[in-house]
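What follows is each chain in one-letter form.
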Amino acid sequence: MTFPLHPNSTIGLVGGGQLGRMSALAAARLGYRCHILTREVDSPATQVAHAVTISDYADPASLRAFAEAVDVISFEFENVSAEGLDLLASLKPVRPAPAILRISQDRLAEKTFLNGAGATTAPWAPVASLAELQEAVGRLGLPAVLKTTRLGYDGKGQATLRSPDDLAPAFERLNPKPLVLEGFVNFAQEVSVVIARGADGTLSAFDTVENRHRDHILDLTLAPARIPVAVDQAAQEIARNVATALDLIGLLAVEMFVDATGRVLVNEIAPRPHNSGHWTIDACPASQFELHIRSIAGLPLLPVVRHSDAVMKNLVGPEDTALWPQIVATPGLIPHLYGKAEARPGRKMGHVTHLFPKGALPGEFGIADALGVLGTPPAP
Ligand code: AMP
C-alpha cells in the first residue's frame, strides 16, 4: 500500500454509527470511497457509504473479505474486538493501530499508559473484590467513582460512591466485571482536545473546547473553552504528548477535567472522531472528520484553524427529535441528523451548531437565545 492514498481508493471503516457517517461524508469530499463493516442493517454510516459488509466484528471470513476490498482500515467505535482488528492489521494497514485501541478499551491500561506518558489522572486503584474496594476507598476517600474497566460509555457502567453504605450495592451491581475506583474530581470544567497525528509525526490539534453533560450524555460543546491561557496551553500540551507517546496515526480525543486550582487531569482518551469535535464541521475549513481521513490516508495535516466560535448541542432521544420541525425553521441553527430510524431515550439522533463571529461567543443567556427552541435558560 502506498500513501497518500490515490483518489478513488477505498477506506474501510469498522462501525456504522454517526461518527462513521460523518467520516464517510468527509472522505467522499476528498474523493475516497468508504466501505463500512457493521453488525446493523441500515445504520447511519451505511446510508452514505460506497459499500457495506454486515457481519459480526469477530467473524474471520467476513473480516478477510472486508480487508481484501479496501486500501486502509480505521474504526469509528471502540467496542470492536481488538483481536478482529489484529486480523485486519495482518492484511491491510489499520490506523490507528490495534495496540492503541487496546489501551483505550481498558480503563486500567489507559490510566497506566497516561500516567506513564506524564499525564495526570484522578487517583485510581484496580478493584477485584469488596475488600479491595473498601481498602481503595480508605486510600482515595469519598466521594469516589467506581467504574467498569471496559465497555462503559455515557455514564453506563459506573457508580458514584458518597457514603460507606454505597460500597456493597455498587460493587454488587457492577461486579463481576473488572472494576476501577477513581477519586472524585470536583471539576470546575470539563474540556477536550481533538488532535490528529500523521505517519511522519506531524500534529494538528483543534482548539480546546468546554463540554457540558446532561444525564451523563454530552449536551453542549462551547468552542473555544473559556479558560485561562495557561490551562489551555496545558490541555494542548497533554494532547500532543499523549498522541506522540501513543505513536498515533489517526485522530484522538482527549477528555480532561479542569479542577478549581486550574490543574488539568485526563479523564479518558478515544482514538477516533469524538462528539465534542462535531462543531468543527461548521466552524473550521477542515473538520475533525476530514483530519481523521487525512491522517489515515496519508494526506498532509495542515494546521487547523477555527474561523468562527461555535456552540454545538446534541439532539438526544424522542424529546429533542420531536423539535425537529422548529429546529429546521430556526435561523442560524445548522442541523445535522444521523438517519437513525428509532429515537430511543438517551440515543444521540443528531446535533445542531450555532456559529458566532470569532471571539464573540456570548454568555449563558446569549447561548440559550441562539439555540432557540433547544435553549434552556440557565437557573437564576
Ligand atoms: P466517563 O464515562 O469516564 O467519561 O465519565 C462520564 C462523566 O462522569 C464524566 O464526563 C464526568 O462528568 C463524570 N465523571 C467521571 N469520572 C469522574 C471523576 N473521577 N470525578 C468526577 N466526575 C467524574
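Throughout what follows, the structure given in this document is the object of discussion. Being a predicted model, the structure only gives us computed values, none of them experimental. (Residues numbered from 1 in each chain as written. Predicted model: local features only at pLDDT ≥ 70, side-chain atom pairs only at ≥ 80, totals over all residues. Heavy atoms only, no water.)

We now examine unusual backbone geometry. Most peptide bonds adopt trans geometry, and most residues besides glycine take a negative phi value. At the junction of Arg-95 and Pro-96, the peptide bond is cis and its omega measures out at -10° in the coordinates. Structurally, Pro-96 can be placed in the loop between α3 (82-89) and α4 (98-105). A positive phi angle is found at Asp-215, which is not glycine, with a value near 50°. Notably, His-216 is not glycine yet its phi reads approximately 70°, a positive angle. Looking at where His-216 falls in the secondary structure, it is placed in the loop between β11 (209-214) and β12 (217-223). (Helix = DSSP H or I, 4+ residues; strand = E, 2+ residues; numbered from the N terminus.)

Strand pairs in the sheet, formed through backbone hydrogen bonds, run parallel or antiparallel to each other. A sheet is described by the order of its strands in space; here four strands give the open sequence β5-β8-β6-β7, paired in antiparallel fashion. Where the open sheet ends on each side, the last strands, each with one partner, are β5 (124-127) and β7 (158-161). Here the average twist between neighbouring strands, direction ignored, is 20°. Where strand β6 (residues 144-148) and strand β8 (residues 179-183) come together, five bridges link them in antiparallel fashion. Note that in β8 the partner of Thr-148 across the bridge is Leu-179. Its contacts with the sheet put helix α6 (residues 130-140) on β5, β6, β7 and β8, and the angle it makes with β5 is roughly 170°. Along the sheet face, helix α7 (residues 167-174) touches β5, β6, β7 and β8 and points at about 175° away from the line of β7. (Pairing = 2+ DSSP bridges. Axes fitted to C-alpha atoms, helices over the stretch in contact; angles between N-to-C directions. Contact = heavy atoms within 4.5 Å.)

Further remarks concern the sheet that holds strand β4 (residues 72-75). In spatial order, the strands read β3-β2-β1-β4; together these four strands make up an open sheet with parallel pairing. Both edges of this open sheet fall to β3 (51-54) and β4, since each of them pairs with a single strand only. Looking at each pair of strands side by side, their axes are set apart by 20° on average, direction ignored. Its contacts with the sheet place helix α10 (residues 288-297) against β1 (10-14) and β4, and it is angled at close to 140° to β4.

Bringing the packing of aromatic side chains into the picture now. Counting across every chain of the model gives three aromatic pairs. Pairing Tyr-57 with Phe-77 gives two aromatic rings, centres 5.4 Å apart and planes at 55°, and the pair type is tilted. Of the two residues, Tyr-57 sits in the loop between β3 and α2 (60-69) while Phe-77 sits in the loop between β4 and α3, which places them 20 residues apart along the sequence. Judged by centre distance (5.1 Å) and plane angle (10°), the rings of Phe-187 and Phe-257 are stacked. Highlighted residues: Phe-187 in strand β9 (residues 187-197) and Phe-257 in strand β13 (residues 250-259), separated in sequence by 70 residues. Relative accessible area serves as the criterion here: at 10%, Phe-257 is assigned to the buried category. (Phe/Tyr/Trp six-rings, centres within 6.5 Å; stacked < 30°, edge-to-face > 60°. Buried < 20%, exposed > 50% of the residue type's maximum accessible area, 1.4 Å probe, protein only.)

Time to look at the site of the ligand. Looking at the ligand, there are 14 residues lining it, with Lys-147, Gln-158, Val-185, Glu-190 and Glu-268 nearest. With respect to the ligand, the side chain of Asn-267 contributes an N or O atom lying 3.1 Å from an oxygen atom. Here an oxygen atom of the ligand sits 2.9 Å away from a polar atom, N or O, in the side chain of Glu-268. For the ligand, the protein covers 92% of the area, taking 470 Å² as the surface of the free molecule. Each residue belonging to the shell around the ligand can be placed in one class, and the counts come to five nonpolar, four polar and five charged. Residue contributions to the shell around the ligand reach at least three from each of two domains, namely domain 2 (123-183) and domain 3 (187-374). (Near = heavy atom within 4 Å. Polar contact = N/O pair within 3.5 Å; in protein donor to acceptor, adjacent residues only side chain to side chain. Areas by Shrake-Rupley, 256 points an atom, 1.4 Å probe, with all protein chains shown as cover. Nonpolar A, V, L, I, M, F, W, Y, C, P; charged D, E, K, R; others polar. Domains from an automatic or database assignment.)

All right, on to the nonpolar core then. It is characteristic of soluble globular proteins that their nonpolar side chains tend to be buried jointly. One finds Val-242, Leu-246, Leu-252 and Met-256 to be the most contacted residues of the largest nonpolar core, which totals 25 residues. Those residues within four positions of Leu-246 in sequence are excluded, and the remaining contacts are Ile-100, Ile-103, Phe-113, Leu-252 and Ile-269. (Core = buried A, V, L, I, M, F, W, Y, C linked by side-chain atoms within 4.5 Å.)

This part takes up the packing of α2 against α3. Across the interface, α2 lies against α3 with an axial gap of 9 Å and an inter-helix angle of 40°. By the criterion of interaxial angle, the relationship of α2 to α3 is oblique. In this structure, the crossing between α2 and α3 has a hand that is right-handed. Contact residues: Pro-60, Leu-63, Arg-64, Phe-66 and Ala-67 in α2; Gly-84, Leu-87 and Leu-88 in α3. Looking at the contact of α2 with α3, its residues break down into six nonpolar, one polar and one charged. (Parallel < 35°, antiparallel > 145°, perpendicular 65-115°, else oblique. Left-handed = near helix turned anticlockwise from the far one by under 90°.)

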